[in-house]
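# Breakdown of the fold
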Amino acid sequence: MELYNLKHPSQKVSFSEAVQLGLGKDRGLFFPAEVPQVDDIDALLAKPFVERSQEIIHLWLQGEIEREVSDALVAKAFNFELPLAKVDGKRWCLELFHGPTLAFKDFGARFMAQCVNHLAGDAPLTILTATSGDTGAAVADAFYGLDKVRVVVLYPKGKISVLQEKMFSTLGGNIHTVAVTSDFDACQDLVKQAFEDADVRNGLRLNSANSINISRLLAQVCYYFEAVAQFRQANPGKAPVISVPSGNFGNLTAGLLAKAMGLPVARFVAATNSNDTVPRYLAEGQWQVNPTQATMSNAMDVSDPSNWPRVETLCKQQGWGDEVLSGVALSEAETSAALAQLYKAGYQSEPHGAIAAQALSRALGEGEKGLFLGTAHPAKFKDVVDRELELDLPLPEALADVAGKPVLSVTLLPEFTVLKEYLFARLA
C-alpha cells in the first residue's frame, strides 16, 4: 500500500511508515495512492463481519503485511458486536458502541494498537493524541499496559462529559492525560506542533492515534460494509443513505473510502452541530472557520476538521458532488428536539446520534431509506440525556467501574512550550 502526503505529493510512504509517522511533512495527511476495488461485492457482503473485515484489510495491505498476520490483527481488534437497530420504517441505527469503551472509536483504536504493537521495534513509542470526547477512552483502553508504548491524551478541560473523562483519565500506568485550558481545536493544534518539532518527534518517537492515522481509517471502513450488509437484509436491493455524526471527519472519510471501493451507498450526509463549517462550505462554497462553540454533542465541537482535505481529495478523484455528499447542521434547540423525538419513537440515543438521525430524516427523499451511525452509548452522556429527557439512566458496568475513581490528569495552558516541557519531564 502506497500513500502520499497531500501537502507534498513527492513524499511517499508505505502503510507501516504512515502508521508510525502519523503525519507527513508540514502536517500533511497521508492519502492512499490507489483505492483497492472489490471484485464481487455481493459475495463479500454475504460473509460474517470479522471474515469480511479480514478480506477488506487484506485488499489494502496485501504485499506489505502477510495475510495470516493481518487476519490475526483484525480478529483481536474486532471482538464485539455491532447490531443494526430499526428505529422506524425509514431509519436504522448502526450501533457502534458495544466495545470496551462504549464508543465507535474502539474499532479504529484497537486495530491501530494491534498494528503499532506489531510494527514497534525495541525503543518505546509515544502516542500523542487529542480528544473531543471518545477518542481518549478508546486509545487509552487499546494501548493500556503495552510495555513498548506510552500514551499522552490532550483534552479540553471542562468541555467533555465527566464520564467521558473518567474513562481515560483514571488509568495511570503508561497512560498520561492532560487537561488543556482551551477547546479541542487548540488541543489538536498542540498535537500538530509537536509533530513539527524535531526534538519532540524524534526524541520521544512520536506517533498519533487521532483519525489522521491511516490505520484508524482502514478499521472504520470495515463497519460501513457491515452497515450495508445488514441494511440489505431488511431492504433487499436498496442502497442506503448514510448519515454520519461528524466532528473531525475521520468517520465520514472512512465511509467515502468504502464507497470508492465499490460499496453500494446512495449518498452520505455530514451531520454536525452548530460548529457547521462543513455544511456551510458544501452549501455556499466558502471555507469559513468560526470560533468553536461548546454544545451538548461535545465530541463534534470541532470547527476546523483535520480530515477534510482527505474528503475533498477523494470527492475530486471520484468526481463526486452534492449528489454523493451533503451537509446538515443542527442548533442546540434542534438537537434537544431530535433527542426527544427519537425517545418518543421508542429508541434511546444521545446527542450525537440524535443529530445524525434528524439529519437523515431531512435528507431522505421520496421512497428512500437510510441509516445513521450510533457512535456512543447513551450513558456516556448521562448528564445530558437525563436532563433533556427527564430520566435517570443506569450506568453500564464499564462506566460504573470508573465513576468513583479520581482523575489523574494534569492541567496545562494551551502553549506548546508548556506541553514540550511536560512531555520531556514525564517521558524522556
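Residues numbered from 1 in each chain as written. Predicted model: local features only at pLDDT ≥ 70, side-chain atom pairs only at ≥ 80, totals over all residues. Heavy atoms only, no water.

### A closer look at the packing of aromatic side chains
Aromatic ring pairs are described here by two measures, namely the spacing of the ring centres and the angle between the planes. Our working rule: For this analysis, a ring pair means two rings from Phe, Tyr or Trp (six-membered ring only for Trp) whose centres lie within 6.5 Å, classed as stacked if their planes differ by under 30 degrees, edge-to-face if by over 60, and tilted for the remaining angles. Secondary structure elements are defined from DSSP: runs of H or I of at least 4 residues count as helices, runs of E of at least 2 residues count as strands, and each element is numbered from the N terminus.
Considering all chains together, one arrives at 16 aromatic pairs under this definition. Taking the centre distance of 6.4 Å and the plane angle of 35° together, the rings of phenylalanine 78 and phenylalanine 111 count as tilted. A residue pair is termed long-range when its members are at least 10 positions apart, and phenylalanine 78 in the loop between α4 (67–77) and β4 (84–86) and phenylalanine 111 in helix α5 (residues 105–119) qualify at 33 residues. Summarising the aromatic geometry, the rings of phenylalanine 107 and tyrosine 223 are spaced 5.1 Å apart at their centres and angled 65° between planes, so their arrangement reads as edge-to-face.

### Side note on the sheet that holds strand β12 (residues 325–329)
Strands in a sheet are paired, the pairing made by backbone hydrogen bonds, and the direction either parallel or antiparallel. Operational definition: Paired strands, in this sense, are two strands between which DSSP finds at least two bridges. Between the N-to-C directions of two axes lies an angle of 0 to 180 degrees, each axis being a line fitted to C-alpha atoms and, for a helix, fitted only over the stretch in contact.
The six strands lie next to each other as β4-β5-β13-β10-β11-β12, forming an open sheet whose pairing is mixed. In the strand order of this sheet, the two ends are held by β4 and β12, each with one partner. Recorded for the sheet is a direction-independent mean angle of 25° between the axes of neighbouring strands. Across three bridges, β4 lies against strand β5 (residues 91–95) in antiparallel orientation. Across the sheet, the residue bridging to lysine 86 is tryptophan 92, located in β5.

### Description of helix α15 (residues 351–363)
Going by this rule: Any helix carries an expected span of 1.5 Å times its number of residues minus one. Each residue is placed in one exposure class: buried if its accessible area under a 1.4 Å probe, protein chains only, is under 20% of its type's maximum, exposed if it is over 50%, and partly exposed if it falls in between.
End to end, α15 covers 18 Å across 13 residues, agreeing with the expected 18 Å (1.5 Å per residue, within 8%). Where burial is concerned, most of α15 is hidden: eleven out of the 13 residues are buried. Where α15 is concerned, the buried positions are Pro351, His352, Gly353, Ala354, Ile355, Ala356, Ala357, Gln358, Ala359, Leu360 and Ala363.

### Regarding the UniProt feature "domain: Threonine synthase N-terminal" (unreviewed entry) in the protein chain
Applicable threshold: UniProt positions are given in the numbering used here, feature names are shortened, and annotations may be inferred rather than shown by experiment.
Following the UniProt record, one finds the feature "domain: Threonine synthase N-terminal" (unreviewed entry) at residues 10–78. Strand forms 9% of residues 10–78 and helix 52%; the C-alpha atoms that close the span are 34 Å apart.

### Focus: the pairing of strand β1 (residues 2–5)
In the sheet, β1 pairs with strand β2 (residues 12–14) via three bridges, with the strands oriented antiparallel. Counted as the bridge partner of leucine 3 is valine 13 from β2.

### Some thoughts on the packing of α5 against helix α6 (residues 134–143)
The criterion, for reference: Crossings are classed by handedness, with left-handed meaning an anticlockwise turn of the near helix from the far one by less than a right angle and right-handed meaning a clockwise turn. Contacts are assigned to residue pairs that have any heavy atoms within 4.5 Å of one another.
With their axes 8 Å apart at the nearest point, α5 and α6 run at an angle of 35° to one another. Seen from above, α5 lies across α6 with right-handed handedness. Contact with α5, carried on its side by Lys105, Asp106, Ala109, Arg110, Met112, Ala113 and Val116, involves Asp134, Thr135, Ala138, Val139, Asp141, Ala142 and Phe143 of α6 and no other residues of that element.

### Focus: the nonpolar core
The condition is simple: Here the nonpolar core consists of buried residues drawn from Ala, Val, Leu, Ile, Met, Phe, Trp, Tyr and Cys, with membership extended through side-chain atoms lying within 4.5 Å.
Ranked by internal contacts, the top residues of the largest apolar core, which has 102 residues, are Phe143, Tyr224 and Phe225. Per element, the largest residue contribution to this core is 13 residues, and it comes from helix α10 (residues 214–234). Ranked by size, the runner-up nonpolar core spans 28 residues in total, among them Cys93, Ala271, Ile355 and Leu360.

### As for the side chain of glutamine 220
You can see glutamine 220 is positioned in helix α10. Non-local contacts of glutamine 220, meaning those with residues more than four positions away in its chain, are made with Phe104, Gly250, Asn251 and Ala254.

### A short note on the UniProt feature "domain: Tryptophan synthase beta chain-like PALP" (unreviewed entry) in the protein chain
Within the UniProt annotation, "domain: Tryptophan synthase beta chain-like PALP" (unreviewed entry) is assigned to residues 94–368. Segment residues 94–368 splits into 47% helix and 15% strand. End C-alpha atoms: 17 Å apart.

### A look at the packing of helix α11 (residues 250–261) against helix α13 (residues 308–318)
What describes two packed helices is the angle between their axes and the distance between those same axes. Condition: By definition in this entry, angles of less than 35 degrees are roughly parallel, angles greater than 145 are roughly antiparallel, angles of 65 to 115 are roughly perpendicular, and the rest are oblique.
Their axes nearest at 9 Å, the elements α11 and α13 cross at an angle of 20°. Our classification of the angle between α11 and α13 gives roughly parallel. The way α11 lies across α13 gives a crossing that is left-handed. Facing Thr253, Leu256, Leu257 and Ala260 of α11, the residues of α13 in contact are Arg310, Val311, Leu314, Cys315 and Gln318.

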